[in-house]
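Below are the chains, spelled out letter by letter.
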Number of protein chains: 2
Amino acid sequence: MKVLIIGGGGLVGQKLGKALAARGHLRDTEITSLVLADVVDPAPIDAPFAVERKTCDIADRASVDSLIEADTDVIYLLAAIVSGQAEEEFDLGYAINMMGTLNVLERARALETKPVVVFTSSIAVYGGEVPDPIIDHTFLNPQTSYGAQKAIGELLLNDYSRKGYVDGRGFRLPTISVRPGKPNRAASSFMSSILREPLNGQEAICPVGEDFPHYYLSPRKCVENLIKGAEIPTEDLGMNRCMMMPGRTWTIRQLVDAMTAVAGPEAAKLIKWESQPEIERIVNGWRFDMRPEKSIALGLEADESFEDNIRYYLEDDKPKP
Amino acid sequence: MKVLIIGGGGLVGQKLGKALAARGHLRDTEITSLVLADVVDPAPIDAPFAVERKTCDIADRASVDSLIEADTDVIYLLAAIVSGQAEEEFDLGYAINMMGTLNVLERARALETKPVVVFTSSIAVYGGEVPDPIIDHTFLNPQTSYGAQKAIGELLLNDYSRKGYVDGRGFRLPTISVRPGKPNRAASSFMSSILREPLNGQEAICPVGEDFPHYYLSPRKCVENLIKGAEIPTEDLGMNRCMMMPGRTWTIRQLVDAMTAVAGPEAAKLIKWESQPEIERIVNGWRFDMRPEKSIALGLEADESFEDNIRYYLEDDKPKP
């Protein structure tokens, strides 16, 4: 089995690659080859099978056509322009998040393998005047360009699957926290940095109040769910291949309390509370009363407590001194 | 005020052009110019203002850029590859219904007028495992490529509007009946031809049973609603610019009974009942328990009875001997 991870240089892509390397198989079949693709050369991964690293601009159809080899069995499409950047750079967001998705599906359609395509959507597809709670079949009413592009990706994935061109499955990711590394241009970036930076002994800015509720999942559980997601039997997906990935709703205060419970009281003192209206405008449009019934029924899982998220960061990602 | 009708050669586009000519104004402003654009040269319309007729391939960005003049105030985007054809010709459907819509919005974004864009979506955006009744905010779960493309158009229209690039409003049209002219490649084509052909003294085939329920609107009311739709104050549109256009649900039997009531018993004898599985497969995925609350609150209207639809056909469209 040949697996391709588009966005293989990113946080989730790298962890997914490592998890596949540790596992060695997918969909009851031995993995013989893994391709990590990203806009810049992805970091290498040790694996018991061949790992290729490639660069690709998914907005460019020819680049996608040469990336995806004819014998590819499973394609993870994780690459995206994140929410804050897609809001600022309108054209780039559509080029990558909409046309990039279309280019991948078009190339996948041309393959003889009818590849499984695992697409990461986002809870940013929900918003506006739609009643709580949010269920899998809640009206998609995005209030950001990123959310609109992800909702379009879902429609494309479903239609290409319905026509038999790919075997698609899409998952609306909760906000991933604690993310390792540097802040990015997602409006949700602070939801990791207010934990990560203090855990690393550095200051961080929280642009919202401590009562702000949001829907979270750890990177470790996200990767486990993406592997399970590729393995869901096609016949269990029903008439819509896209669903929420399980997460849990916590307030900022609960995140900080979890950090204190796991790592002691000093870290929280490094958080600076400074309102940022543009960030607040975006994130206040996001929904948090989520009921991911379909993915839970299919075996996907959320974290048990946010203390787990903190522990996973310390175990998996905290830079060693 | 300069008005452009893309799809100005089609049934609704021609009737809309004539209605605007009879009216002379739109959005409290005198119409000074009307452009009718279509893939083939639209038929001329008599009007008290200048009427230009143009050809355009909306799948081609340059063609759209040269079509839409800088001082355009209102754009009606009615052009589409219909449902049956979009299902058979996958690439063409996406080229026209998705990329064509994107091309029009991109050109509109470049104008200084911030044009009003009136987009015709379809009730084909609904489908799959979603409970009745269908409301404006029911999850869009199309089970045809046409429905997927229209749902994508809605997301684009909303996002371009939210960003302030256009003042969009979209209406999910019921099936328009009685359509004049010839059958087209819409899966719903029979829903006009089983009335139109018998009213014209010709035979027609009904591919579904007489209990088949569906959601209908006359061409006359559709055009009235499209004019009202352009005039809805922006602030009344809320956080989603797209809504159902009002219609009414009737069975095939009710359609035929209405024809008999208005035109006598001979016409119904010209209907041949012949099951067509591919048509049935598509139309059985369509929904009919519709609650178009938003558009009704905004002043749009359905027909009073299907006998009205029959009368409108006889008054407006039946070929004169």
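It should be emphasised that the depicted structure is a prediction, and the values quoted were computed from it without experimental measurement.

The rules behind these values
Residue numbers restart at each chain and count upward from 1, following the sequence in its written direction. Chains carry letters and ligands carry numbers; both start at the beginning, A for chains and 1 for ligands, and go up in the order they are written. Local features are withheld for residues below a pLDDT of 70 in this predicted model, meaning they are given only at 70 or higher, and side-chain atom pairs are given and counted only at 80 or more; totals for whole chains, interfaces and linings count all residues. Side-chain figures throughout are based on the complete set of non-hydrogen atoms in the structure, without hydrogens or water. Alignment of copies: least-squares fit on C-alpha atoms of residues with pLDDT of at least 70 in both copies. Note on definitions: a residue-residue contact is assigned when non-hydrogen atoms from the two residues lie within 4.5 Å. Two parts placed together each lose some accessible area under a 1.4 Å probe, and adding up what both lose gives the buried area. We count a salt bridge whenever a side-chain nitrogen from Lys or Arg sits within 4 Å of a carboxyl oxygen from Asp or Glu. In the analysis that follows, any N or O atom pair within 3.5 Å is treated as a polar contact, provided that within protein one partner can donate a hydrogen and the other can accept it, and provided that, for residues neighboring in sequence, both atoms belong to side chains. The helix and strand labels rest on DSSP assignments: H or I over at least four residues marks a helix, E over at least two residues marks a strand, and numbering proceeds from the N terminus. Each residue receives one of three labels: charged for Asp, Glu, Lys and Arg, nonpolar for Ala, Val, Leu, Ile, Met, Phe, Trp, Tyr, Cys and Pro, and polar for the others, Gly being one of them. UniProt positions are given in the numbering used here, feature names are shortened, and annotations may be inferred rather than shown by experiment. In this scheme, a residue with accessible area under 20% of its type's maximum is buried, one over 50% is exposed, and one in between is partly exposed, where area comes from a 1.4 Å probe on protein chains only. Two strands qualify as a pair provided DSSP detects at least 2 bridges between them. Here, two cysteine sulfur atoms that lie within 2.5 Å of each other are counted as a disulfide. Helix span, as expected, comes to 1.5 Å for every residue beyond the first. Stacked, tilted and edge-to-face are the three classes assigned to paired rings of Phe, Tyr and Trp, where Trp is represented by its six-membered ring and a pair needs centres within 6.5 Å; plane angles under 30 degrees give stacked, over 60 edge-to-face, the rest tilted. Only when the NZ atom of a Lys or the CZ atom of an Arg is both within 6 Å of the ring centre and within 35 degrees of the ring normal do we say a charge sits over the ring.

**Considerations on the relation of the copies chain B and chain A**
A rotation about an axis combined with a shift along that same axis relates the two copies of the chain. Superposing chain B onto chain A requires a rotation of 180° together with a translation of 0.0 Å along the rotation axis, leaving an RMSD of 0.0 Å. Accordingly, the operation relating the two chain copies is best matched by a two-fold axis. Considering only C-alpha atoms, the residue of chain B closest to the rotation axis is B:F139, which sits at 1.9 Å. A shared interface surface links the copies, since 100% of the contact residues of chain B are contact residues in chain A too.

**Notes on the interface of chain B and chain A**
Counting residues at the interface gives 36 residues for chain B, matched by 36 residues for chain A. Regarding the contact of chain B and chain A, the summed buried area is about 3,200 Å², with carbon and sulfur atoms giving 59% of it. The interface formed by chain B and chain A contains 6 salt bridges. Where A:E87 meets B:K163, a salt bridge forms, and the shortest distance between an N and an O atom there is 3.6 Å. The tally of links between chain B and chain A comes to 22 residue pairs in polar contact (both at pLDDT 80 or more). Residue contributions to the side of chain B that touches chain A peak at 9 residues, all from helix α5 (residues 145–162) of chain B. Considered class by class, the residues forming the side of chain B that touches chain A number 17 nonpolar, 9 polar and 10 charged.

**Digging into the UniProt feature "domain: NAD-dependent epimerase/dehydratase" (unreviewed entry) in chain A**
Mapped onto this numbering, the UniProt entry annotates "domain: NAD-dependent epimerase/dehydratase" (unreviewed entry) at residues 3–202 of chain A. End C-alpha to end C-alpha, residues 3–202 of chain A measures 38 Å, and it is 38% helix and 21% strand.

**With respect to the pairing of strand β9 (residues 167–173) of chain B**
Residues and elements named next belong to chain B. When you tally the buried positions in β9, you get 7 out of 7 residues, the bulk of the element. Taking every second residue as pointing to the same face, both faces of β9 are buried, with D167, R169, F171 and L173 on one and G168, G170 and R172 on the other. Bridging between strand β7 (residues 116–122) and β9 involves 7 bridges; their strand directions are parallel. What sits directly across from V116, in β9, is D167.

**Notes on the state of the cysteines**
Residues and elements named next belong to chain A. Throughout the structure, instances matching the rule amount to 0 disulfides over all chains. In this model C242 remains outside any disulfide bridge; the closest cysteine sulfur is found in C222, 15 Å from its own. On the basis of relative accessible area, C242 is assigned to the buried category, the value being 1%.

**Notes on unusual backbone geometry**
Residue and element names in this part refer to chain B. Each neighbour pair has its own omega, and for D132 with P133 the value is -5°, a cis peptide bond. Within the secondary structure, P133 sits in the loop between β7 and β8 (134–135). Of the consecutive residues S177 and V178, the connecting peptide bond is found in the cis state with omega at 15°. Tracing the backbone through its elements, the reader meets V178 in the loop between β10 (175–176) and α6 (190–199).

**Points about the sheet that holds β10(B)**
Residues and elements named next belong to chain B. The 3 strands are arranged β10-β12-β14 in an open sheet whose pairing can be described as mixed. Looking at which strands have only one partner, the edges of the open sheet turn out to be β10 and β14 (248–251). As paired elements, β10 and strand β12 (residues 213–217) share 2 bridges and run parallel to each other. Among the inter-strand pairings, T175 is bridged to a residue of β12, identified as Y216.

**Regarding helix α11 (residues 306–317) of chain A**
Here α11(A) is 12 residues long and its end C-alpha atoms lie 16 Å apart, about the 16 Å a rise of 1.5 Å per residue gives. Of the surrounding elements, those touching the buried residues of α11(A) are α1 (11–23), α6 (190–199), β12 (213–217), α7 (219–231), β14 (248–251) and α8 (252–263) of chain A.

**Some points on the packing of aromatic side chains**
Applying the stated criterion across every chain yields a total of 16 aromatic pairs over all chains. Summarising the aromatic geometry, the rings of A:Y165 and B:F90 are spaced 4.9 Å apart at their centres and angled 80° between planes, so their arrangement reads as edge-to-face. Here B:F90 lies in helix α4 (residues 90–110) and A:Y165 lies in the loop between α5 (145–162) and β9 (167–173), a pairing that spans two chains. Taking the relative accessible area as the measure of exposure, B:F90 reaches 4% and is therefore buried. Cluster of aromatic residues (ring-pair linked, three or more members): A:F90, A:Y94, B:Y160 and B:Y165. Above the face of the A:Y165 ring, A:R109 is positioned so that its terminal group lies 4.7 Å from the ring centre.

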